[in-house]
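# Per-entry structural report
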Amino acid sequence: MGPHPAVAAIRLAVRRVLHDVLTDVQRTDVHRAAPRRPEAQRSPQQVLSPRPAHPHPPREQATTPLVLVACSGGADSMALASALAFEAPKLGIRAGGVTVDHGLQDGSDLRAAEVVSRLTALGLDPIESVAVAVGREGGPEAAARDARYGALDAVAERHGAAAILLGHTRDDQAETVLLGLARGSGIRSLSGMAAVSGGPGADRRYRRPFLHIDRQTARKACMVQSLPVWDDPHNTDPAYTRSRLRHEGLPALEKALGKGVVEALARTAQLSRDDADALDHWAAQAEASVRDAAGLLECAKLYALPPAVRRRIVRRAAIEAGAPAGALFARHLEEVDRLITGWRGQGAINLPGKVVAQRQGGRLVIRQGC
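The following paragraphs examine the structure supplied in this document. (Residues numbered from 1 in each chain as written. Predicted model: local features only at pLDDT ≥ 70, side-chain atom pairs only at ≥ 80, totals over all residues. Heavy atoms only, no water.)

Another aspect to go through is the nonpolar core. Nonpolar side chains tend toward joint burial in soluble globular proteins. Counting residues in each nonpolar core, the largest one holds 35 residues, and the members touching the most others are L84 and F210. With 10 residues, the single largest contributor to this core is helix 1 (residues 5–33). The residues touching L84, leaving out its near neighbours within four places in the chain, are V14, L18, V67, L68, V69, P89, A95, G96 and L165. In terms of nonpolar packing, the next biggest core, distinct from the first, is built from 26 residues, L279, I349, L351 and L364 among them. (Core = buried A, V, L, I, M, F, W, Y, C linked by side-chain atoms within 4.5 Å. Buried < 20%, exposed > 50% of the residue type's maximum accessible area, 1.4 Å probe, protein only. Helix = DSSP H or I, 4+ residues; strand = E, 2+ residues; numbered from the N terminus. Contact = heavy atoms within 4.5 Å.)

Below is the structure:
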């Protein structure tokens, strides 16, 4: 008799992701193993370039990649940890875990130690517990998220991990899409969380195997395996926007619109991501054609582009000038766009990060201000 359907579902999701990780590792190994051109065939810049400060990991690590699971002790991440512990050895992958102590609740250090014990019992190794200091920038939820990912990136670098698995579910994806809608964000925000995303110097570090699995399936998998789980009180605290959305907003939508809202929002995320990726590619190709010989953006050529493509080029230019991506909102881009499409002699536009955008001689100049 096979495993319970919930357990089978989470194991299959993790197995697929681990196969993807192995494929990425093998491609990297092939790239590293490619013969180098003799110095005589390389440019002076290539010959004189310093070697990386951090050499490639030993061959043993290259052939036995390490995958970590980020685990809070909740049902989603415990289900993920159990599936990783089961599937990784069958594929020749080392499986470890990391838990982050945000220090936001009394006894959080004890909770972190408990999670370490549970991961150890699953047979994961290495395991780390990392305490972080949560700031205030962007609000409590954003600050905690920034601190958490900073810690996870550091652990991944320290151990040379090929990937970190995150337990975000289809329900989390639906909530993310609704939060993007509430902010009036663009299509990229509506695309929710990516199944694969990156950290510093590692554009495919984070993997989310459960984006097509609902929260109840993960909890059921823990129950039938007798895995103890911890329910974070912050997840039911109405002081947090996501908590209100989870316990009030989504149930109200399902009551008004019927079941299937979560699934529909998750589908919207994927469709939006596909569209956003296509528009980003279009903008990247079009950018060179709208710059003059000095590299400045020409307003007349920008005007001829579809708004979605034009604003992507403007956004990229603002970020390159120093505007923080997370602080650059649609209203900022709309103001800059009016310099292109509704020019009436208006002055410079101030953007986050002390960046200034202004129109000069038919060119859109985006630079650091004073």
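Quick look at the packing of aromatic side chains now. Taken as a whole, this structure holds one aromatic pair when the rule is applied. With 5.1 Å between their ring centres and 85° between their planes, Y149 and Y206 make a pair best called edge-to-face. With Y149 in helix 6 (residues 140–159) and Y206 in strand 6 (residues 202–207), this pair connects stretches of sequence that are 57 residues apart. For Y206, a relative accessible area of 1% translates into the label buried. R11 extends its terminal NZ or CZ atom over the ring of F86, reaching a point 3.6 Å from the ring centre. (Phe/Tyr/Trp six-rings, centres within 6.5 Å; stacked < 30°, edge-to-face > 60°. Lys NZ or Arg CZ within 6 Å of the ring centre and 35° of its normal.)

Another aspect to go through is the packing of helix 7 (residues 170–183) against helix 10 (residues 241–257). Contact geometry for helix 7 and helix 10: axes closest at 10 Å, N-to-C directions at 95°. It follows that helix 7 is roughly perpendicular to helix 10 by the angle criterion. Note on element contacts: helix 10 touches helix 7 through T241, R242, L245, R246, L250 and L253, opposite D172, E175, T176, L178 and L179. A class-by-class count of the residues in the contact of helix 7 with helix 10 yields five nonpolar, two polar and four charged. (Axes fitted to C-alpha atoms, helices over the stretch in contact; angles between N-to-C directions. Parallel < 35°, antiparallel > 145°, perpendicular 65-115°, else oblique. Nonpolar A, V, L, I, M, F, W, Y, C, P; charged D, E, K, R; others polar.)

Moving on to helix 9 (residues 215–224). Among the residues making up helix 9, those that are buried are R215, T217, A218, A221 and C222. Backbone nitrogen of Q216 and a side-chain oxygen of the N-cap are separated by 3.0 Å at the start of helix 9; the cap is D214. Positive backbone phi, approximately 55°, marks S226, located one or two places after helix 9. (Polar contact = N/O pair within 3.5 Å; in protein donor to acceptor, adjacent residues only side chain to side chain.)

A few words on the pattern of salt bridges. When the charged atoms of two side chains lie near each other, side chains of opposite charge can form a pair. Evaluated as defined, the whole model comprises 29 salt bridges. The residue R246 makes a salt bridge to D172 at a minimum N-O spacing of 3.3 Å. Here R246 is found in helix 10, whereas its partner D172 is found in helix 7, with 74 residues between them in sequence. The burial state of R246 is the same as that of D172; both residues are buried. (Salt bridge = Lys/Arg side-chain N within 4 Å of Asp/Glu carboxyl O.)

Turning to the state of the cysteines, a few remarks are in order. Taken as a whole, this structure holds zero disulfides when the rule is applied. Free cysteine: C222, not disulfide-bonded; nearest cysteine sulfur from C71 at 8.8 Å. (Disulfide = S-S within 2.5 Å.)

Among the secondary structure elements, A88 is positioned in the loop between helix 4 (75–87) and strand 2 (94–101). On a C-alpha basis, the gap between A88 and H19 in space is 9.7 Å, while along the polypeptide they are 69 residues apart.

It is worth spelling out helix 13 (residues 307–320) at this point. An ideal rise of 1.5 Å per residue puts 20 Å on 14 residues; helix 13 measures up with 20 Å between its terminal C-alpha atoms. Taken as a whole, helix 13 has its buried residues at V309, R310, R312, I313, V314, A317 and A318. The positive-phi residue at the C-terminal boundary of helix 13 is G322, with phi of around 120°. (Expected span 1.5 Å × (residues − 1).)

Here we come to the sheet that holds strand 10 (residues 363–368). With antiparallel pairing, the four strands of this open sheet are ordered in space as 7-10-9-8. Unpaired on one side and paired on the other, strand 7 (297–298) and strand 8 (349–351) mark the two borders of the sheet. Sheet topology note: the strand 7/strand 10 ladder contains two bridges and is antiparallel. Within strand 10, the residue paired with L297 across the bridge is L364. Lying over the sheet, helix 13 contacts strand 7, strand 8, strand 9 (355–360) and strand 10, oriented at roughly 30° with respect to strand 10. (Pairing = 2+ DSSP bridges.)

So, on to the pairing of strand 9. Sheet analysis places strand 8 next to strand 9, joined by three bridges and oriented antiparallel. Residue pairing in the sheet places I349 in a bridge with A357 of strand 9. In textbook terms, the turn of a hairpin is the stretch between consecutive antiparallel strands, and for strand 8 and strand 9 this stretch comprises three residues, one of which, G353, has a positive phi near 75°. With six bridges joining them, strand 9 and strand 10 adopt antiparallel strand pairing.

A few words on the packing of helix 13 against helix 14 (residues 330–341). Packing of helix 13 against helix 14 leaves a shortest axis separation of 10 Å and a crossing angle of 115°. When the interaxial angle is binned, helix 13 and helix 14 end up roughly perpendicular. Judged by the twist between their axes, the crossing of helix 13 over helix 14 is right-handed. Counting all contacts with helix 13, which are made through R310, R311, V314 and R315, the residues of helix 14 involved are L333, E334, V336, D337, I340 and T341. Its residues assigned to classes, the contact of helix 13 with helix 14 comprises four nonpolar, one polar and five charged. (Left-handed = near helix turned anticlockwise from the far one by under 90°.)

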